[in-house]
Structures are given as C-alpha cells and as structure tokens.
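# Coordinates in review
Residue-level listing of the chains:
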Amino acid sequence: MSEKYKIGDYEFNTYEEYLAAQEDTKKIDFITKEVDITDPDVAVRLYTLIRNKEIVFRSKVGISFSWYLTDVLAKNSQNLLEEKRKKEEQKEQGKKLSIAGIFCICAAVLCLGYYGMTLWQEHLESKEFERLQNMQNLTGHIIKESYADDDGQGSKKKQDLAQASDSSGSADKKKTKKTGQTKNSDTEKTKKIDPADLTVLKQYKDLYAQNKDLAGWLSIAGTNIDYPVMQTGKNNPDYYLHYDFNKKESDHGSLFLDARNNYVNRDTNLIIYGHNMRDGTMFGGLKSFMDKNYFDQHNELVFDTIYEKARYRIVAVCLSKVNYQDDDTFRYYNFLKAGNKEEFNAFLANIQQLTVFDQTIDISYGDELLTLSTCNSYVQDGRLFLIAKKE
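Residues numbered from 1 in each chain as written. Predicted model: local features only at pLDDT ≥ 70, side-chain atom pairs only at ≥ 80, totals over all residues. Heavy atoms only, no water.

Once that is clear, we can look at the side chain of Lys389. The topology assignment puts Lys389 in strand β10 (residues 382–390). Looking at Lys389, the relative accessible area reads 14%, which means it is buried. Of note is the side chain of Lys389, whose polar atom sits 3.1 Å from the backbone oxygen of Asp362. Those residues in contact with Lys389 that lie beyond four places of it in its chain are Arg311, Tyr312, Arg313, Val315, Asp362, Ile363, Asp367, Glu368 and Leu369. (Helix = DSSP H or I, 4+ residues; strand = E, 2+ residues; numbered from the N terminus. Buried < 20%, exposed > 50% of the residue type's maximum accessible area, 1.4 Å probe, protein only. Polar contact = N/O pair within 3.5 Å; in protein donor to acceptor, adjacent residues only side chain to side chain. Contact = heavy atoms within 4.5 Å.)

Chain-level pLDDT for the chain is 79 on average; 69% of the residues reach the 70-or-more range. Low pLDDT, under 50, characterises residues 137–188; the stretch is placed with 85 contacts to residues that sit more than four places away or in other chains. (pLDDT = per-residue confidence, 0-100.)

A few words on unusual backbone geometry. Non-glycine residue Lys247 carries a positive phi angle of around 65°. Within the secondary structure layout, Lys247 lies in the loop between β4 (226–230) and β5 (255–257). We classify Lys247 as partly exposed; its relative accessible area is 44%. The backbone phi angle of Met282 is positive, close to 50°, even though this residue is not glycine. Its location among the elements puts Met282 in the loop between β6 (269–273) and α8 (292–297).

Our next topic: the pattern of salt bridges. Summed over all chains, the structure comprises ten salt bridges. Of the charged contacts in the structure, one is a salt bridge between Lys247 and Asp213, with a shortest N-O distance of 3.7 Å. With Lys247 in the loop between β4 and β5 and Asp213 in the loop between α7 (205–210) and β3 (214–219), the pair connects residues that are 34 residues apart, well separated along the chain. In this structure, the salt-bridge partner of Glu368 is Arg266, at a minimum N-O distance of 3.5 Å. Here Glu368 is found in the loop between α9 (341–352) and β9 (369–376), whereas its partner Arg266 is found in the loop between β5 and β6, with 102 residues between them in sequence. (Salt bridge = Lys/Arg side-chain N within 4 Å of Asp/Glu carboxyl O.)

Any aromatic ring pair is given by two values, namely how distant the centres are and how the planes are angled relative to each other. Counted according to the given criterion, the structure contains twelve aromatic pairs. Each ring, one from Phe330 and one from Phe347, has its centre 6.1 Å from the other, and the planes form 50°; the classification is tilted. Within this pair, whereas Phe330 is found in the loop between β8 (311–321) and α9, its partner Phe347 is found in helix α9, the two being separated by 17 residues in sequence. Classification of Phe330 as partly exposed rests on a relative accessible area of 23%. Owing to a relative accessible area of 3%, Phe347 belongs among the buried residues under this scheme. Here the guanidinium or amino end of Lys292 rests over the ring plane of Phe357, the centre of that ring lying 5.8 Å away. (Phe/Tyr/Trp six-rings, centres within 6.5 Å; stacked < 30°, edge-to-face > 60°. Lys NZ or Arg CZ within 6 Å of the ring centre and 35° of its normal.)

Here the focus is the pairing of β4. The two faces of a sheet get side chains in turn, since along a regular strand they alternate between them. Among the five residues of β4, five are classified as buried, and the element is accordingly described as predominantly covered. Note: β3 against β4, five bridges, orientation antiparallel. Considered in β4, the bridge of Ser219 is made with Asp226. Counting the residues in the hairpin turn of β3 and β4 gives six residues, including Gly222, whose phi is positive at 80°. Here β4 pairs with β5 via two bridges, running parallel. By the bridge assignment, Val229 is partnered in β5 with Leu255. (Pairing = 2+ DSSP bridges.)

Now for the sheet that holds β9. If you trace the eight strands once around the closed barrel, you get β3-β4-β5-β6-β9-β10-β8-β7, paired in mixed fashion. For this sheet, the mean angle separating the axes of adjacent strands, direction not counted, is 30°. Across the sheet, α9 touches β8, β9 and β10, and the angle it forms with β10 is around 130°. (Axes fitted to C-alpha atoms, helices over the stretch in contact; angles between N-to-C directions.)

Right under this line is the structure:
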C-alpha cells in the first residue's frame with residue numbers, strides 16, 4: 001500500500017502534492033498573520049490577487065482557503081446590502097436601492113460566481129488530463145524499454161521509417177560523421193513516407209480515434225509536463241491555443257506542433273508550443289529550467305509521435321522575443337528544416353547568442369531537434385524556448 005501524507009485533515013497521495021500543500025500552508029500562514037482577512041477591503045484585495053493569479057495555490061489546502069475567502073466576501077456583501085437597505089429606508093422612506101448600488105452588488109456576485117466557475121473548470125480540466133494520461137498508459141517517467149510497439153509491429157515500422165529517412169534520420173547522421181561530407185537536400189534523393197502506410201502505436205490508438213489531430217505525446221520526468229500534442233493544418237495553425245483535446249474552449253489550451261512541421265517525413269526541427277500558465281500547467285513549468293540545477297536534473301524528455309517512440313536530451317535554454325514581420329532579425333521559430341550544413345550552422349550560431357547559461361550548445365548538422373516554446377515576460381512579447389536533440 002502506497003504511503004500517505006497528511007497535513008491536518010488533508011491527505012495526499014504523492015510527496016509532490018504534500019510539498020505543494022506545505023507551500024500553500026506557508027502562504028496562508030503569512031497572509032493571515034499580516035492582514036485581517038475578515039476586513040472587507042482586505043478580503044476584496046486578496047480575492048483580486050487570487051483571481052488574477054498573482055497569488056497561486058497548487059493544492060487542496062490552498063483551494064479550500066480560496067473558497068473560505070469567497071465565503072467571507074459573500075457575508076460581507078450581505079452585510080453591506082443590509083446596511084444599505086436600512087440607510088435607504090431611513091433616508092428615503094423605503095425607496096428602492098439606486099441603480100448604481102444594485103449594479104455594484106450584482107457585479108460582486110457575478111465576480112464570485114465567475115471565480116467559483118473558474119476553479120471548477122480548472123478541476124475538470126485537471127481530471128481530463130488525468131484521463132488522457134491513463135488512456136495512453138504513461139506515468140511521466142522516461143521510457144527505458146525497447147521502442148518496439150506493443151503489438152509486435154514496431155520493428156517493421158522503425159525499418160520503414162529508417163529506409164524512408166536515409167537523408168535526414170540517424171543513419172544519415174552516422175554517415176555524415178564517418179565521411180565528413182556535407183549533406184545537401186537539393187541533390188539527395190529522399191524516399192517519402194505515406195502516413196497511410198503507417199500504423200498508429202497501440203498506446204495511442206484510442207486517443208487518436210477520439211481526435212485525429214493527435215500528433216503525439218510529450219512528457220518530462222519530474223515535472224508537470226505530461227500531455228498530448230496536437231497539430232492542425234495551416235489554415236488554422238493556432239486552434240489549440242484556445243481549445244483542449246476534446247475541442248472545448250479552454251484558457252489552458254493544449255500543446256500543439258507547428259502547423260508547418262512534418263513529423264512523418266521528419267523536419268530537422270519540430271516545434272511544440274504551449275501556454276505559460278501561472279498555475280504551472282501546460283508550459284508554465286518551463287521557466288524552472290532557467291535554474292541551472294533544475295536544468296541539469298530534468299534534461300531528459302520523451303516525445304512520441306503517434307507512429308514512433310523517441311527520447312531526447314535538452315541541450316539549451318534560450319530567451320528571445322517575437323519580432324515584427326519587417327524586422328530583419330533572427331527568428332528561432334522559423335527554423336524548421338536545414339537545407340544544408342551552412343543553414344544549420346547559422347541557426348546554431350544564432351541560438352548560441354540566446355542561451356541563458358554560459359555553455360556551448362551540443363548539437364551538430366544531422367541531429368534531429370525538438371523545440372519547446374512558450375511566452376516569457378522578461379521583455380515585451382518575450383519567448384522562452386528549450387532545444388532538445390534526439391538520442
């Protein structure tokens with residue numbers, strides 16, 4: 001039987017949940033010692049900070065405190081309403097409340113209702129992520145077993161992929177290192193793979209049957225990142241910025257692959273985008289990689305396409321920004337496929353200047369890359385992105 005962790009009447013299944021609850025408890029202790037949360041003005045300010053996610057709780061302890069605060073606000077609203085009614089009766093002998101007063105009260109009630117619905121929606125989305133994770137049978141840990149598919153057809157599919165990717169896959173990388181020759185996509189003959197000839201991996205078949213936009217699954221051990229990755233066509237490339245796996249509107253959206261990317265006849269660099277959520281979901285945890293110790297301890301990830309399993313090693317953490325279209329500047333998000341060694345080296349030289357750490361980025365022409373990209377507020381329109389290479 002797995003060990004249980006407790007704080008007061010609250011019980012937690014994992015040590016991570018227990019640590020999150022401890023952090024929330026410290027926040028709550030600090031708040032209650034510094035201010036009187038029963039004071040109406042204080043309660044309103046706290047409610048606003050929580051609603052704007054300037055104060056973030058990540059456990060059931062913190063959520064319970066948020067609900068308690070809404071109860072305080074509701075009681076204060078009732079008291080204010082009663083006092084206002086009495087004053088109006090005294091001054092205007094039973095006249096109705098002014099339109100402005102009614103509007104303010106309704107707005108307060110609507111705000112409370114909206115916040116409650118937001119909490120409930122986040123709870124539902126969390127449950128949905130758990131359901132998806134259970135369906136694809138991943139735990140968030142790096143896969144150590146053979147990359148053959150469970151139904152015994154994985155070896156054949158890997159051979160098909162290798163044969164069809166002689167000019168851009170790992171076989172070509174080995175050839176490049178041995179001969180020292182420079183690849184040139186204009187002269188090499190590449191056999192194209194037809195996705196219709198491939199079989200979806202067994203663990204993703206049920207998910208793919210639910211949504212044909214499923215491109216794969218991304219997980220980083222020891223983090224919250226353990227999500228499906230979607231991809232839409234170029235006519236609506238950012239669809240999953242605002243929609244979840246079930247195509248329902250969501251502030252969290254989904255992780256999604258650049259619509260320009262080809263993950264079957266694989267591009268040099270696949271780019272996955274996701275929201276920088278303040279609650280740490282989606283790509284909200286990528287900012288932790290700007291800490292060197294954290295980076296060193298979490299530099300392995302798994303990105304499976306629906307046809308192939310693969311492991312990657314994170315080699316760089318970079319900061320950049322979105323530039324105007326007429327700016328003649330480097331845009332990391334436009335590097336998808338290296339036509340030759342010179343193009344690859346130009347990309348490497350540019351991202352080397354954007355690295356957070358003083359390091360030489362360990363990639364070379366022939367490597368297959370994966371970029372994880374999200375927003376960052378270090379400058380206006382800032383971006384944080386991680387570069388990983390396939391092992």
